[in-house]
Amino acid sequence: MELIQENPDLSAYLAADEVIDHHHPLVRETAARLAKEAEDSYAYARLAFDFVRDTVSHSQDAGDPRVTWRASDVLAQGTGICHAKAHALTALLRAEDIPTALCYQRFAHDGGDGHVVHGLVAVRFNGAWHRQDPRGNKPGVDARFSLDGEQLAFLPDPGAGELDYPGLYAAPHPAVLGALRTAPDRPHLWKILPTAL
């Protein structure tokens with residue numbers, strides 16, 4: 001699949017905003033701490049990915065009802081669904097000048113009825129975009145940072161109406177962000193997350 005930049009200006013994928021708030025002190029402190037352990041930007045990207053994947057719990061897996069969406073809040077509270085974790089990783093990577101995009105997949109809902117949009121990121125290295133999924137591992141899920149072939153949490157099954165969206169977004173998709181901002185808790189969020197983009 002060819003990934004398509006929604007914004008042709010690469011600098012858009014380094015920008016800060018209300019959600020990807022990489023100017024926030026907590027994001028800057030976390031990025032600086034991780035950067036001390038990295039010999040180059042590739043090593044930093046791997047460390048940031050592992051940090052978000054392993055340190056920020058996936059709220060569904062952890063049974064945490066809180067809904068986070070702003071990168072600094074995700075890091076402060078240590079929890080979030082896939083979209084929130086993607087926002088946190090994007091902020092950490094952009095804090096160190098690594099172009100990072102938000103991207104999406106569509107999967108059958110865990111409950112077996114309908115579909116839900118899943119969030120992940122893409123990083124730009126060596127002139128190409130590489131998708132990464134920091135949602136967090138669990139039995140049956142083994143996502144890893146890789147520039148040599150994707151190692152994502154899930155692979156879509158076209159026969160079940162599942163798919164990869166090719167778009168690379170500089171900011172969160174409005175339908176996803178709207179659900180995250182309005183949900184009072186995760187059980188409610190599950191009912192209003194978009195089923196398609």
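For the structure, check the block above.
Keep in mind the model is a prediction, meaning the values are calculated, not measured.

### Section: helix 2 (residues 41-55)
Between the first and last C-alpha of helix 2 there are 20 Å, a value that for 15 residues agrees with the 21 Å anticipated at 1.5 Å per step. Those residues of helix 2 not exposed but buried are Ala-43, Tyr-44, Ala-45, Ala-48, Phe-49, Phe-51, Val-52 and Arg-53. The elements touched by buried residues of helix 2 are helix 1 (25-36), helix 4 (71-77), helix 5 (82-95), strand 5 (115-125) and strand 6 (128-132). Capping of helix 2 at its N-terminal end is provided by Asp-40; its side-chain oxygen lies 3.3 Å from the backbone amide nitrogen of Tyr-42.

### Concerning the packing of aromatic side chains
Between two aromatic rings, the relevant description is the distance of the centres plus the angle of the planes. The full count for this structure, using the stated rule, is six aromatic pairs. When the centroid spacing of 5.9 Å and the interplanar angle of 55° are considered together, the rings of Phe-49 and Phe-145 count as tilted. Here the residue Phe-49 occupies a position in helix 2, and Phe-145 occupies one in the loop between strand 6 and strand 7 (163-164), the gap between them amounting to 96 residues. Residue Phe-49 is classed as buried on the basis of its relative accessible area, which comes to 0%. Take Phe-145: its relative accessible area is 5%, and that puts it in the buried class. Grouping aromatic residues by their ring pairs yields a cluster made of Tyr-42, Phe-49, Phe-125 and Phe-145. Of note, Arg-181 hangs over the ring of Trp-69, and the distance from its end group to the ring centre comes to 4.6 Å. Here Arg-186 stacks its cationic end above the ring of Trp-190, 6.0 Å away from the centre of that ring.

### Comments concerning the sheet that holds strand 7
The strand order across the open sheet formed by four strands is 6-5-4-7, and the pairing between neighbours is antiparallel. Only two strands of the sheet have a single partner each, and these edge strands are strand 6 and strand 7. Of the strand pairs in this sheet, strand 5 and strand 6 are connected by five bridges, and their pairing is antiparallel. Each residue of the ladder has a partner; that of Ala-122, found in strand 6, is Arg-131.

### So, the environment of Ala-143
Considering the arrangement of structural elements, one finds Ala-143 in the loop between strand 6 and strand 7. Spatially, the C-alpha atom of Ala-143 lies 8.6 Å from that of Arg-53, the residues being 90 residues apart in sequence. Other than its neighbours up to four places away in sequence, Ala-143 contacts Phe-49, Arg-53, Asp-133, Asn-137, Gln-151, Leu-152 and Ala-153.

### So, the side chain of Arg-94
Position of Arg-94 among the secondary structure elements: in helix 5. This buried residue, Arg-94, is left without a salt bridge; Asp-17 holds the nearest opposite charge, at 5.3 Å. Those residues in contact with Arg-94 that sit more than four places away from it in its chain are Ala-12, Tyr-13, Leu-14, Ala-15, Ile-20, His-22, Thr-100, Tyr-169 and Ala-170.

### Side note on the environment of Phe-125
Here Phe-125 shows up in strand 5. For Phe-125, a relative accessible area of 10% corresponds to the buried category. Along the backbone, Phe-125 and Tyr-42 are 83 residues apart, and their C-alpha atoms lie at a distance of 8.0 Å.

### Observations regarding the nonpolar core
Ranked by size, the top nonpolar core spans 45 residues in total, and within it Tyr-44, Leu-92 and Leu-93 carry the most contacts. Contributing elements (two or more residues each) for this core: helix 1, helix 2, helix 4, helix 5, strand 4 (100-108), strand 5 and helix 6 (174-182). Counting residues per element, this core draws most heavily on helix 5, which supplies eight residues. Counting eleven residues, the second largest nonpolar core, distinct from the first, contains Leu-3, Leu-120, Ala-122 and Ala-170.

### As for the pairing of strand 6
Of all five residues in strand 6, four are buried; the element is thus mostly enclosed. Between the end of strand 5 and the start of strand 6, which pair antiparallel, lie two residues, with Asn-126 showing a positive phi angle near 55°.

### Points about the pattern of salt bridges
For the structure shown, the criterion picks out eleven salt bridges. The salt bridge partner of Asp-61 is Lys-138, with a shortest N-O separation of 3.7 Å. Taken together, the residues Asp-61 in helix 3 (residues 59-62) and Lys-138 in the loop between strand 6 and strand 7 connect sequence positions 77 residues apart. Judged by relative accessible area, which is 36%, Asp-61 ranks as partly exposed. Overall, the relative accessible area of 35% leaves Lys-138 in the partly exposed class. One continuous salt-bridge network, built from bridges that share partners, spans Glu-18, Arg-70, Asp-73 and Arg-181.

About the thresholds
Residues numbered from 1 in each chain as written. Predicted model: local features only at pLDDT ≥ 70, side-chain atom pairs only at ≥ 80, totals over all residues. Heavy atoms only, no water. Helix = DSSP H or I, 4+ residues; strand = E, 2+ residues; numbered from the N terminus. Expected span 1.5 Å × (residues − 1). Buried < 20%, exposed > 50% of the residue type's maximum accessible area, 1.4 Å probe, protein only. Contact = heavy atoms within 4.5 Å. Polar contact = N/O pair within 3.5 Å; in protein donor to acceptor, adjacent residues only side chain to side chain. Phe/Tyr/Trp six-rings, centres within 6.5 Å; stacked < 30°, edge-to-face > 60°. Lys NZ or Arg CZ within 6 Å of the ring centre and 35° of its normal. Pairing = 2+ DSSP bridges. Lys, Arg positive; Asp, Glu negative; His and termini not counted. Salt bridge = Lys/Arg side-chain N within 4 Å of Asp/Glu carboxyl O. Core = buried A, V, L, I, M, F, W, Y, C linked by side-chain atoms within 4.5 Å.

Spatial relationships are all this shows, so hold off on functional conclusions.
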